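Chains, contacts and geometry: an overview
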Amino acid sequence: YCDLHTFELQAPTRLIEWARGNRVCVAGYRQSYGNEILQLIPPPTLLTKETQGLCPERDFKVECGGFSERPVYSLKYVPDTSLMVTSGPPDNSLQVWQVSAEDSDVIKYVSTIATENGTGQSWAKIATISARVPWVLHGSTLDRVQITEVESRKNVYTAASRGSEELSGLAFLDCNMLLLCCVTGRLCLADIRQPQNLMEATSVPSAPCSEQWCMGTRHGPQGLELRSQPVARLSSKGLLTLTDLRKTSEFLALAKARVTAPGSGAEFLCVSWAPALEGYLAISGFDGTVHVYDTQSWDSSGSEAEPIFIHKGHAFGGAGGSGDPPLVTVHTWHLQKPRTLLSAASDGSLHVWDWVQPCGKC
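Rules of the game
- Per-chain numbering applies: the sequence of each chain, read as written, is numbered from 1 onward.
- Reporting of local features is limited, given that this is a predicted model, to residues whose pLDDT is at least 70; pairs of side-chain atoms are given and counted only at 80 or more, and all residues count toward the totals for whole chains, interfaces and linings.
- Note: side-chain values were computed over all heavy atoms of the structure, leaving out hydrogens and water.
- Each helix corresponds to a stretch of at least 4 residues labelled H or I by DSSP, and each strand to a stretch of at least 2 residues labelled E; elements are numbered beginning at the N terminus.
- Between buried and exposed lies partly exposed: a residue is buried under 20% and exposed over 50% of the maximum accessible area for its type, with that area taken using a 1.4 Å probe on protein chains only.
- Any two residues having at least one pair of non-hydrogen atoms within 4.5 Å are treated as being in contact.
- Each accessible area is a Shrake-Rupley estimate made with a 1.4 Å probe; only the visible protein chains count as cover when residues are assessed.
- Any two rings among Phe, Tyr and Trp, with Trp reduced to its six-membered ring, count as a pair given centres within 6.5 Å; such a pair is stacked if its planes are under 30 degrees apart, edge-to-face if over 60, and tilted if neither.
- In this description, strands pair whenever DSSP reports at least two bridges between them.
- Between the N-to-C directions of two axes lies an angle of 0 to 180 degrees, each axis being a line fitted to C-alpha atoms and, for a helix, fitted only over the stretch in contact.
- Identification of polar contacts relies on pairs of N or O atoms within 3.5 Å, with a donor-acceptor requirement for protein atoms, meaning one able to donate a hydrogen and the other able to accept it, and with residues adjacent in sequence counted only if both atoms are side-chain atoms.
- To qualify as a nonpolar core, a set must consist of buried Ala, Val, Leu, Ile, Met, Phe, Trp, Tyr and Cys residues joined through side-chain atoms within 4.5 Å.
- Salt bridge, as used here: a side-chain nitrogen of Lys or Arg that lies within 4 Å of a carboxyl oxygen of Asp or Glu.
- Cysteine sulfur pairs qualify as disulfides if the two atoms are within 2.5 Å.

1. A short note on the overall build of the protein
Looking only at helices and strands, the protein features 0 helices and 28 strands. Burial analysis of the protein (362 residues in total) assigns 54% to the buried set. Nonlocal contacts in the protein, meaning residues at least 24 apart in sequence, comprise 51% of its contacts between residues at least 6 apart. Split by element, the accessible area of the protein, about 16,200 Å² in all, is 49% carbon and sulfur.

Given below as structure tokens:
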């Protein structure tokens, strides 16, 4: 490692979200009692773009927080506002929160965005954007995808689909184009200007029906067309596919990760592109590790890929609340520091780490 910071949370978290001023938001997902929503100030070394020398402050600090009466399975900061949107069981409604002004340390509940016939549906996946006004894209199944204005709670778009497949993720590609990923691995494109048209982008290689998939889109530099960036999909068996949405008839690359099947299901599968390092992605959710891969040499053969780095810190941190070894529940990349990642695990541990670049790599 170049650097490693650790922080112990009061409860396990399944999400890490960057907020304004390089703050980090986390939240608990337990069913039994109120869950904390915290905004953390990272260690000073993570607040500068350039690597600094020794620093006396190496811990996260809690800047503000609040409590949710329901488990938080997803949290998204609304760009250019002081608002957050969360979702979680037992239905697919959304909760809107506001980070208070500097003279307060409270994250307060503001409102609920209800959905039609939401009872009995799985929790909603969410994405946010502020291209026109603050919007939230949300849905639990392919036939229940909507865009809602966060502040007015006005519905501005509903996708037309006859399918009811469960979603594993969704994303704004720009202010008009949406990308949806089903747990079966099916990708669909939607244009909010044409609500009746939902285009299937590409399927996945033939796989058992029990296999579940998630996706990762790359957040490129400002002004870069996101549709030109590859979409990564990861299956619960460790298969990775890269797809160019401008040419969906074939895969850019196929590879097999060195992982075992998740011990507690596929709910924590996570794949993400490095925003400041071309061609690098990370995966987690199989055990107590995070794997980093360089995809630039991948082809369509589907051969086993060699990770360039494996973060094993959570695996050695002790047992989780159930007595089982800790499981990495989520990871994310630092927005400016190329090789810096944050990861959280089922034992409440939060790690920030930066690996040493192997010799011969740029």
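2. A closer look at the environment of R30
Here R30 is to be found in the loop between strand 3 (24-28) and strand 4 (35-41). What makes R30 partly exposed here is its relative accessible area of 30%. Sequence-wise, R30 and A11 are 19 residues apart; in three dimensions their C-alpha atoms are separated by 7.7 Å.

3. Some points on the packing of aromatic side chains
Evaluation of the coordinates by the stated rule reveals 10 aromatic pairs. Where Y73 meets W123, the ring centres are 5.2 Å apart and the plane angle is 75°; that geometry is what we call edge-to-face. Here Y73 is found in the loop between strand 5 (61-68) and strand 6 (74-77), whereas its partner W123 is found in the loop between strand 9 (107-113) and strand 10 (125-129), with 50 residues between them in sequence. Considering the side-chain rings of F309 and W355, the 5.9 Å spacing of their centres and the 20° angle between planes classify their relative orientation as stacked. Taken together, the residues F309 in strand 25 (residues 309-311) and W355 in the segment after strand 28 (349-354) connect sequence positions 46 residues apart.

4. Side note on the sheet that holds strand 6
If you trace the 4 strands from one edge of the open sheet to the other, you get 6-7-8-9, paired in antiparallel fashion. The open sheet is flanked by strand 6 and strand 9, the only strands paired with a single partner. Taken over all neighbouring pairs, the strand axes of this sheet differ in orientation by 25° on average, direction set aside. Pairing between strand 7 (residues 83-87) and strand 8 (residues 94-99): 5 bridges, direction antiparallel. Of the residues in strand 8, the one forming a bridge with T86 is Q95.

5. Some details on the side chain of H291
Mapped onto the fold, H291 is located in strand 24 (residues 290-294). Polar contacts involving the side chain of H291 include one to the side chain of Y293, which spans 3.3 Å. Contacts of H291, omitting those with residues within four sequence positions, involve R258, V259, L281, A282, I283, P307, F309 and I310.

6. Let's talk about the nonpolar core
General note: in soluble globular proteins, nonpolar side chains tend to be found buried as a group. Residues L234, V271, L281, I283 and W298 are the most contacted members of the largest nonpolar core, which totals 19 residues. Elements with a contribution of two residues or more to this core: strand 19 (231-235), strand 20 (239-243), strand 21 (253-256), strand 22 (270-273) and strand 23 (280-284). Judged by nonpolar contacts, the second largest core, of 18 residues, contains I147, Y157, A159 and C188.

7. Regarding the pattern of salt bridges
Any two side chains of opposite charge can pair, on the condition that their charged atoms come close. A complete count under the given rule lists 12 salt bridges for this structure. When the shortest N-O distance is used, the salt bridge between R186 and E165 registers 2.6 Å. Of this pair, R186 sits in the loop between strand 15 (177-182) and strand 16 (187-191) while E165 sits in the loop between strand 13 (155-158) and strand 14 (167-172), and the two are 21 residues apart along the sequence. The class of E165 is partly exposed, set by a relative accessible area of 25%. Linking E278 and R218 is a salt bridge whose minimum nitrogen-to-oxygen distance equals 2.9 Å. You can see E278 sitting in the loop between strand 22 and strand 23 and its partner R218 sitting in the loop between strand 18 (213-217) and strand 19, a full 60 residues away along the chain. Given a relative accessible area of 52%, E278 falls into the exposed group.

8. Regarding the sheet that holds strand 11 (residues 135-139)
Read from one edge to the other, the open sheet built from 4 strands follows the order 10-11-12-13, with strand pairing classed as antiparallel. Sheet topology places strand 10 and strand 13 at the edges, where each strand pairs with a single neighbour. Here the average twist between neighbouring strands, direction ignored, is 20°. Relative to strand 11, strand 10 runs antiparallel, the two sharing 5 bridges. Bridge pairing links I129 to W135 in strand 11.

9. A word on the state of the cysteines
Enumeration according to the criterion identifies 0 disulfides in this entry. No disulfide involves C181; its nearest neighbouring cysteine sulfur is the one of C182, lying 6.7 Å away. Overall, the relative accessible area of 0% leaves C181 in the buried class.

10. Some details on the side chain of S87
If you trace the backbone, S87 turns up in strand 7. Here S87 is in contact with P71, V72, Y73, S74, S93, L94, Q95, W123, A124 and I126, once residues within four sequence places are set aside.

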